[in-house]
Amino acid sequence: MRTQSGPYHRLESEVIHRLILPEHLGEGSRILDVGSGPRIHALRLARQGHHVALVDISAKSLTAARRRFDEAGLTGQVLHMQHTSGHDMDIEPGRYDAVLLFGPLYHLLDDQEAAECVRRAAAALRPGGHLFAIFLTQTSILRDLLKRGRFTDIRTLLASCYLDHGRYLPLSSASRDDYMSATRTHRLAEAEQLLGAAGLTVVDRHAVEGVAAWMRPYVDEVAADAAAFAELSEVVRATAGLDELIEAGDHFLLTARARTASSPARSGSTSVPPASWGARPRVDVIGRTRSVVAGADGRICFAPAAAVHQGRRLLAVTVGPAADRVFVPRQLPGRAPEPWYTGGRNQIRIYRSPQRGPVRLDDGHLVPMPAGTMDATGASLLSDGTKLRLWFSARAQDGPWQIYQTVSCDGGRSWREPTLALAPDPAHGSTQGTHVLLPAVLRRRDGWWMWHAGHDGEHRRIHVARSDDGVTWQRHHLALDLGPTGSCDAYAADCPAVTELPDEGLLMVYGAGTSRPLAAAVSDDGLHWHKMGPVLHRGTADAPDTRYAFYPALLPTGHSTAELYYAGEDDTGRWQVMTAGSVDLALLAERPAPLELTAGIDQAVVRLRDEVPLPFWEEPGLATPTAAASAPRTDDFSRSAPAAPRCSPPAARTPERWWSSSAAAARSSSGSTPGFRPSAGTSRCPPPACTTAARTPPSSPSTSRAPGSRSSPMPTRNASGRCWWT
C-alpha cells in the first residue's frame, strides 16, 4: 500500500488484519502475497502461523523481505519467492487458500496486464479460496494534489477524462519529486468487474481508512495517547464497511471468493480483456471493434453527442418509443418506392458514459422540449467552463425542424428553457429552406461555429453558421454539397460531427445518405471542405449496423485521437448507439483516397422488392416492382468517385502508411478495401429519427393526393413500430 508507516497506516493495517482477513483465513492458511513491497502484511501473517509465498517485480524488495523473515526467525513460514511481475507469475494452480493483491492493481496501467494478473491470482486459489485486492480511489489523487496546491495539475487531469480512464501520470516535476509515479485508480464498479471477469465472486467491500479517511493530522495527534488511539481504531473498524465510505477515502478493499468445484460459472463472469491502454489506434481498422453503448427493445436510440465536462464523459442520446414513428409512402424518379419517416415522439437524454457496457436508458436526465414541439433529435454537447451547452433540433406537429439551444449549470441534471437558435432560411430556392437540423458546434479562437444539415424538400446538405457569443447565429453558406452521381453522398450529405486536428485544421465525419456509411472530409478554414470518401461501412449480416452506420459523434481523447460514436440500424429495425473505438485523427485526415464501393443499384432494388410489403407497390401513384426494377439507374455504385476538392487537399501519403502491407496487397488484387464491408445498395438519406424494416404488411395506408401527385400524402402510423425501408 502507498502509506507504509505511521499512525495512519497502523489504522489501515488494523482494518485489514483484525477485521477483514480473520473472517476468511483458517489456521495455518497458505497465502500468496503478490507485489506488496516491504512485506509488512506477509510478515504479520507468518507470525500468526500462516505460510506465505512472495512474488514481486523488485529484487530489492524480495532481498529485504528475506532478511526480515530471517531476523524474525520465520524463514520456515516462507513457501517460496518469485522475482517477476504479477501478470507474468508462474504459480501452481489451486495451491493457495488466499491471495493478497495489496499493490499491483494500482501500479499496472495497462488494463489487459491487470486482468491477466487477476486471472493468474484467481487460478492460484483452491476452490472456495479468497482473493483480497486493494484499489486506489479516484478521489485520492485529486485530494492529494489539492493539499499540495497543484491546481493546474488538477485541471489538466480532469480535462484528460481522468474520471473515466482513472490513470494518473505525473504532470509536473514537483509532483514527480514529492508525490508518486504513474498510478491506476478505480471506481468500485470497474474494480468489481475486473475481479468478476476472472471468475471470482465479490463477497465483501471495505473502506480501508474507514471514517478516518483524510484525517491524517488528527490521527497523528491522537496516536500520542495509546488509549485514545485504540478507541479510534475501534471506530474505524466499525465504520469500514459503510457503503457511503467505500470510495470516499484513499483505498478500498474487495474480498472475492473463487468458485467451488461444484458451483457453476456466473453469467457474465468471463469477458474479453479490454484493449491495451495506450495502444496506437490504426486508421485502417476503424469499426473493427464495434460495441453497443445504448439500446433497448421497444425504443430507438440514435444521434449521439459526446463531451467531457468537469472531468466526466457525457453522452446526449435521442431516445423514443419505436411504436410512435410515422411513415408515408414516397416515390422519387428512378427509385423504388420507399416508406418515408415523417416524425415520432423522441426526446434528448443526457447520460454519463460508462467505462464498459451500455448505459441504462432510464437513468438519463431529460432535456426539456421547446414550447409547442413534440419531436427532437440530433444534439451537440459542449463544455464551456462551468456551463454545459446543448444545441439540438426539434419541431412541432407538421412543422419544420429548427435548431434550439439550452444551458445546464449542474452538469446536465437540469436545463434552462430552450430557445430558438436557427430557423430554416426563408430565401427562395435556399438549400436549407425546408428544415435545419442535426447541429455540430465548436468554439474556436475566432468564435463559435455550427455545422448542420439543411433540407430543401428533396436533399440534405451540410451548411455552416457562425456566432460571436454562441447564442445569436448568422448563416454563412453551404459547407458540403452533394457528391457526383455514383458517390456515397450523391443523395445527401447529412448529420455532421466536427473536431479540430493537431495542425489546427478540421475533420468532419458525416452520414453519406445514399449508401449509408460514415464518410469524412477535411478543411483548413471550416468553410471549404475536401471529401475523402467513406471511413466506416455498415456491418455485415446480423450486425447492429447492417442497414445504417449513421449519426456520428467525435469525442477528443488525446492530442490526436478521438472516440467515434455513431448510430446503427440492424435488419430488425432496431436503432442503437455504438462506438467504433479510438480513431487516429492525424492519420485519418491524411488518407490518400476514398474507399471503393462495389454494389450496384439493382441489388438495392431487389432487396426493396423483397422487403417492402405488397400494399406499398399497389399504392396509387407509386411505381410497380417491374417499373422500379427497369427504371433508369440514376446512381451507379461501381466506384465511389470523390467530389472535386473545395480546398487544397492534405499532403498525399502512400496507402502503406495507413493500411497494413497485407491489406494493401489484398486491395490491389481484389479491387476492394479489406477491413471494410462494401455497401449493399442504395437508399434515401435517413430521416431525423429512424427508419426500420419489417416483413409484415401494414394496414392499407390512406392518402389524400391524386394519382401521380408528388405532394406528401396523409401520414400513416405503423402500430408495430416498424417501417418498410431498405
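Predicted model only: the values in this text are computed from it and were never measured.

1. Things to note about the overall build of the protein
Moving on, step 1. Within the protein, the regular secondary structure consists of 16 helices and 32 strands.
Moving on, step 2. Residues counted as buried form 57% of the 726 residues belonging to the protein.
Moving on, step 3. Put simply, 66% of the contacts in the protein that link residues at least 6 apart link residues at least 24 apart.

2. Brief notes about the side chain of Ser233
Moving on, step 1. Secondary-structure assignment places Ser233 in helix H11 (residues 226-239).
Moving on, step 2. Judged by its relative accessible area of 3%, Ser233 is buried.

3. Re the sheet that holds strand S20 (residues 419-422)
Moving on, step 1. Spatially, the four strands line up as an open sheet ordered S17-S18-S19-S20, and their pairing is antiparallel. Strand pairing shows two members of the sheet lacking a second neighbour, strand S17 (375-384) and S20, which therefore form its edges. The mean inter-strand angle of the sheet, taken between neighbouring strand axes irrespective of direction, is 30 degrees.
Moving on, step 2. One ladder, built from three bridges, connects strand S19 (residues 402-408) with S20; its direction is antiparallel. Note on S20: the bridge partner recorded for Tyr404 is Leu420.

4. Structural notes on the confidence of the model for the protein
Moving on, step 1. Chain-level pLDDT for the protein is 76 on average; 72% of the residues reach the 70-or-more range.
Moving on, step 2. Considering only residues more than four positions removed or in separate chains, one finds that residues 262-285, a stretch of pLDDT under 50, has 39 contacts.
Moving on, step 3. Under a pLDDT of 50 for its full length, residues 595-609 has, in the predicted model, 53 contacts with residues more than four places off or in other chains.

5. A few points about the pairing of strand S24 (residues 474-480)
Within a regular strand, side chains alternate between the sheet's two faces.
Moving on, step 1. As defined by bridge partners, strand S23 (residues 460-467) adjoins S24 across five bridges and the pair is classed as antiparallel. The partner of Ile462 across the bridge, within S24, is Leu480.
Moving on, step 2. Here S23 folds back onto S24 in antiparallel fashion, the turn holding six residues, of which Gly470 has a positive phi close to 80 degrees.

6. Some words on the pattern of salt bridges
Moving on, step 1. Enumeration according to the criterion identifies 26 salt bridges in this entry.
Moving on, step 2. Between Asp363 and Arg360 there is a salt bridge, and its shortest N-O distance comes to 3.0 Å.
Moving on, step 3. Sharing partners across several salt bridges, the network here consists of Glu14, Arg18, Arg44 and Arg237.

7. Structural notes on helix H9 (residues 188-196)
Moving on, step 1. Within H9, burial applies to Leu188, Glu190, Ala191, Leu194, Leu195 and Gly196.
Moving on, step 2. Buried positions along H9 lie against helix H4 (111-123), strand S5 (125-136), helix H5 (138-147), strand S7 (183-184), strand S8 (200-207) and strand S9 (251-258).

8. Concerning the side chain of Asp144
Moving on, step 1. Turning to its location among the elements, Asp144 is positioned in helix H5.
Moving on, step 2. The exposure class of Asp144 is buried, given its relative accessible area of 7%.
Moving on, step 3. Here Lys147 takes part through its side chain, which lies 3.4 Å from a polar atom of the side chain of Asp144.

9. Digging into the sheet that holds strand S15 (residues 347-352)
Moving on, step 1. In space, the four strands of this open sheet follow the order S11-S12-S15-S16, with antiparallel pairing throughout. The sheet is open, and its two borders are formed by strand S11 (299-309) and strand S16 (365-366), each paired with just one other strand.
Moving on, step 2. Judged from the two bridges that link them, S15 and S16 form a sheet pairing that is antiparallel. Bridged to Arg349 within S16 is Leu366.

10. Overview of the packing of aromatic side chains
We describe a pair of aromatic rings using the distance from one ring centre to the other and the angle between the two ring planes.
Moving on, step 1. For the coordinates displayed, the defined rule picks out 12 aromatic pairs.
Moving on, step 2. For the ring pair Phe135 and Phe252, a centre distance of 5.4 Å and an interplane angle of 20 degrees mean the geometry is stacked. Of this pair, Phe135 sits in strand S5 while Phe252 sits in strand S9, placing them 117 residues apart in sequence.
Moving on, step 3. For Phe252, a relative accessible area of 0% puts it in the buried group.

11. What to know about helix H1 (residues 7-20)
Moving on, step 1. An ideal rise of 1.5 Å per residue puts 20 Å on 14 residues; H1 measures up with 19 Å between its terminal C-alpha atoms.
Moving on, step 2. With 11 of 14 residues buried, H1 is to be regarded as a mostly interior element.
Moving on, step 3. All buried positions along H1 are accounted for by Pro7, Tyr8, His9, Leu11, Glu12, Ser13, Glu14, Val15, Ile16, His17 and Ile20.
Moving on, step 4. Looking at the buried positions of H1, the neighbouring elements they touch are helix H2 (40-47), S5, S8, helix H10 (216-222), H11 and S9.

12. Some remarks on the packing of H1 against H2
Moving on, step 1. At a closest axis distance of 12 Å, the pairing of H1 and H2 adopts a crossing angle of 45 degrees. When the axis of H1 is compared with that of H2, the two are oblique. For the element pair H1 and H2, the recorded crossing hand is right-handed. Touching His9, Ser13, Glu14, Ile16, His17 and Arg18 of H1 are Ile40, His41, Arg44 and Leu45, all from H2.
Moving on, step 2. Here the contact of H1 with H2 is built from residues that sort into three nonpolar, four polar and three charged.

What counts, and at which threshold
- Residues numbered from 1 in each chain as written.
- Predicted model: local features only at pLDDT ≥ 70, side-chain atom pairs only at ≥ 80, totals over all residues.
- Heavy atoms only, no water.
- Helix = DSSP H or I, 4+ residues; strand = E, 2+ residues; numbered from the N terminus.
- Buried < 20%, exposed > 50% of the residue type's maximum accessible area, 1.4 Å probe, protein only.
- Contact = heavy atoms within 4.5 Å.
- Pairing = 2+ DSSP bridges.
- Axes fitted to C-alpha atoms, helices over the stretch in contact; angles between N-to-C directions.
- pLDDT = per-residue confidence, 0-100.
- Salt bridge = Lys/Arg side-chain N within 4 Å of Asp/Glu carboxyl O.
- Polar contact = N/O pair within 3.5 Å; in protein donor to acceptor, adjacent residues only side chain to side chain.
- Phe/Tyr/Trp six-rings, centres within 6.5 Å; stacked < 30°, edge-to-face > 60°.
- Expected span 1.5 Å × (residues − 1).
- Parallel < 35°, antiparallel > 145°, perpendicular 65-115°, else oblique.
- Left-handed = near helix turned anticlockwise from the far one by under 90°.
- Nonpolar A, V, L, I, M, F, W, Y, C, P; charged D, E, K, R; others polar.

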